[in-house]
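# Fold and geometry: a report
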Amino acid sequence: TSRLFIESTLPGMLNFTSSPTIASGALMKITSPGGEFIFSSVKLKMETLPYSTSNIRYSKLNKAEFLGDLVQLYKAAKKRFDVDDDFKVRSREGVVKLQAGDEEAYAAWESLCAASRVEYQKVSLVAVRCIVLMFRVFVFCRLISFIASIFSMFVKNRVALIYDSLNIQGLEERGESFYNPFFDLTDMGLAVKSEGAMAVFLDGYANRDGTPLPMLVRKSDGGFNYATTDLAAIRHRTQFEDGENAERVLYVTDAGQSQHFDMVFAAAKKAGFLGDGISLEHVPFGLVQGEDGKKFATRSGDTVKLKDLLDEAVKIAGVDVRSRRDDPDEAEEDLPDAVKKVIETVGIGAVKYADLSMNRESNYKFSYERMLSLNGNTAPYMLYAYARICGIVRKATAAGQDASDENATMVWPEPAKIIITDDLEVDLIRNLVKLPDILSEVEKELYPNKLCDYLFETSQMFNKFYENCSVNNAETEEIKASRLSLCTVSAGTIRLLMGLLGINVVERL
């Protein structure tokens, strides 16, 4: 069993990722495709294959973002940071103090982290309003402590599931400070002094004027940066007995950080951090755009919050699901819990699938209409395909029950001997047996869209098979049992792959 380590991290505001900069995770903004979705999908796939996995939510503290917890706070702090030199100096000094282990700064940071962890799961709307209103009253470390206390006051009002609704589980959080003991790179002959700072110079990297391009690992004011932390993390993950002993390390971040990771990986190799068989891999993703091809934003030009995006998708899915019920005007609060669960599954699954069905390195245009369509390579299409198969099997195995009854038990038939009577059965079988090769390919190349393509192909082939090869009205009981087995395997394939994409399936729609 190989040891696999997956990190999802982005400096700055969270971009659909499992690793927000501490204090900005509550309002996930969308400037790129689903780093969170890609991370979750890669994690689930690797756990299915012969890997022992570790999944880290890597929390970074980023310059002026040290001052704020929410988007409005960040914007206000950033605006002041750009125009107030004294504020800028104190902010930078605060970061240096924190990295150096200053007790007061560390205590303030810890209290903010505790509050922010709650927000990874749920957002308190009351707390958001209070913090924004009180922002100008408090500054720097006192502001951070106050923010934490506000979150604690309103923890019972937490709403709007984020991680829970996305079914993101099993993550271990590590703050940047975790790697502080491993920061010193001078003794290894890796970093040298350069204009008052410490830098690493690597062959093949140059500025536009041809001068060597430095990778700073310690700034002139004594502060550390992302390269320092990333190199220290690599040491811990690959060299230390109490580390992960990882053989393959995946970094799921936006494509804009490609050069950074190229240089970090090259520096790690130069320093001798990588033993035989250890692989460091950047898994980049592109940007989400509006339907006009421009930055994805609200009508007012503000950043779109992940919570709002998911809520809207669920709302649209709810309209569609209710329109097909006996009473389409039934109030949402009167819907059965099972129907509410279906609506949530369709809405959130549509957003996830739309992102993962695209080549992760490409930019794509976000469209509710396309992602919630019942036609084409979409989550609703896959969910309906699965529910359709469940309906076929339920009718065949109802055993005295009314198959249309929402409480009818789902019973999957025992495997039967396959009897080929039609070329479409052959086509479906040939497609189904490709599953191991598809999983192997995705494990190597880490492109979830290939799973989606295979899912779509499988669903289409099953539909052609079913339309031309009757199951419950088959010519003989043996042929019926054979075709039910094909239904069962097809459903199992869809269920498995949707699960690997982090999307639940439902037996009825």
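Residue numbers restart at each chain and count upward from 1, following the sequence in its written direction. Where local features are concerned, this predicted model is filtered to residues with pLDDT of at least 70; where side-chain atom pairs are given and counted, the filter is 80 or more; whole-chain, interface and lining totals use all residues. Water and hydrogen atoms play no part in the side-chain values, which are based on all heavy atoms of the structure.

## Concerning the overall build of the protein
In this text, helices come from DSSP runs of H or I with a minimum length of four residues, and strands from runs of E with a minimum of two, each type numbered from the N-terminal end. The number of helices and strands found in the protein is 17 helices and 10 strands. Counting all 509 residues of the protein, 51% fall into the buried class. We call two residues contacting when some pair of their heavy atoms lies within 4.5 Å. Sequence separation of at least 24 residues holds for 74% of the intrachain contacts in the protein that already meet a minimum separation of 6. Accessible areas in this description were obtained via Shrake-Rupley with a 1.4 Å probe; residue shielding takes into account the shown protein chains only. When the accessible surface of the protein is summed, it comes to about 23200 Å², and 49% of that surface belongs to carbon and sulfur atoms. For each residue, the accessible area found with a 1.4 Å probe, counting protein chains only, is set against the maximum for its type, and the residue is called buried under 20%, exposed over 50%, and partly exposed in between.

## Side note on the confidence of the model for the protein
Think of pLDDT as the predictor's per-residue confidence, scored from 0 to 100. Of all residues in the protein, 72% attain a pLDDT of 70 or more, and the chain-wide mean is 76. Between the elements of the protein, mean pLDDT differs from a low of 32, seen in helix α5 (residues 125–134), to a high of 96, seen in helix α14 (residues 423–432). Every residue in residues 9–33 scores below 50 in pLDDT, and together they form 128 contacts with partners more than four places removed in sequence or on other chains. Of the regions scoring below 50 in pLDDT, residues 57–70 engages in 77 contacts with residues more than four places distant in sequence or in other chains.

## Observations concerning the sheet that holds strand β4 (residues 192–194)
Adjacent strands of a sheet form backbone hydrogen bonds with each other and so pair up, either parallel or antiparallel. Taken in spatial order, the 3 strands make up an open sheet running β4-β5-β6, and their pairing is antiparallel. Across the chains shown, the open sheet's two edge strands, defined by having one partner strand only, are β4 and β6 (212–218). Neighbouring strand axes in the sheet, compared pairwise and without regard to direction, differ in orientation by 60° on average. Bridge count for strand β5 (residues 197–206) against β6 is 5 bridges, and the pairing is antiparallel. The partner of Phe-201 across the bridge, within β6, is Pro-214. Two strands qualify as a pair provided that DSSP identifies no fewer than 2 bridges between them. Simply put, an axis is a line fit to the C-alpha atoms, just over the touching stretch for a helix, and the angle between two N-to-C directions goes from 0 to 180 degrees.

## A short note on unusual backbone geometry
With phi around 55°, Glu-195 is a residue other than glycine that occupies positive phi space. Its location among the elements puts Glu-195 in the loop between β4 and β5.

## Comments concerning the packing of helix α13 (residues 379–397) against helix α16 (residues 449–468)
The packing of two helices is summarised by the inter-axis angle and the distance between the axes. Packing of α13 against α16 leaves a shortest axis separation of 10 Å and a crossing angle of 40°. Between α13 and α16, the angle falls in the class oblique. Pair α13 / α16 crosses with left-handed handedness. Taken together, the residues of α16 that come into contact with α13 (itself represented by Tyr-381, Met-382, Ala-385, Arg-388, Ile-389 and Ile-392) are Leu-455, Phe-456, Ser-459, Gln-460, Phe-462, Asn-463, Tyr-466 and Glu-467. Residue composition of the contact of α13 with α16, by class: 9 nonpolar, 3 polar and 2 charged. Angular relationships are summarised with four words: roughly parallel below 35 degrees, roughly antiparallel beyond 145, roughly perpendicular across 65 to 115, and oblique for the angles in between. Note: crossing handedness is left-handed where the near helix turns anticlockwise from the far helix by less than a right angle, and right-handed where it turns clockwise. Charged means Asp, Glu, Lys or Arg here, nonpolar means Ala, Val, Leu, Ile, Met, Phe, Trp, Tyr, Cys or Pro, and polar covers whatever is left, Gly included.

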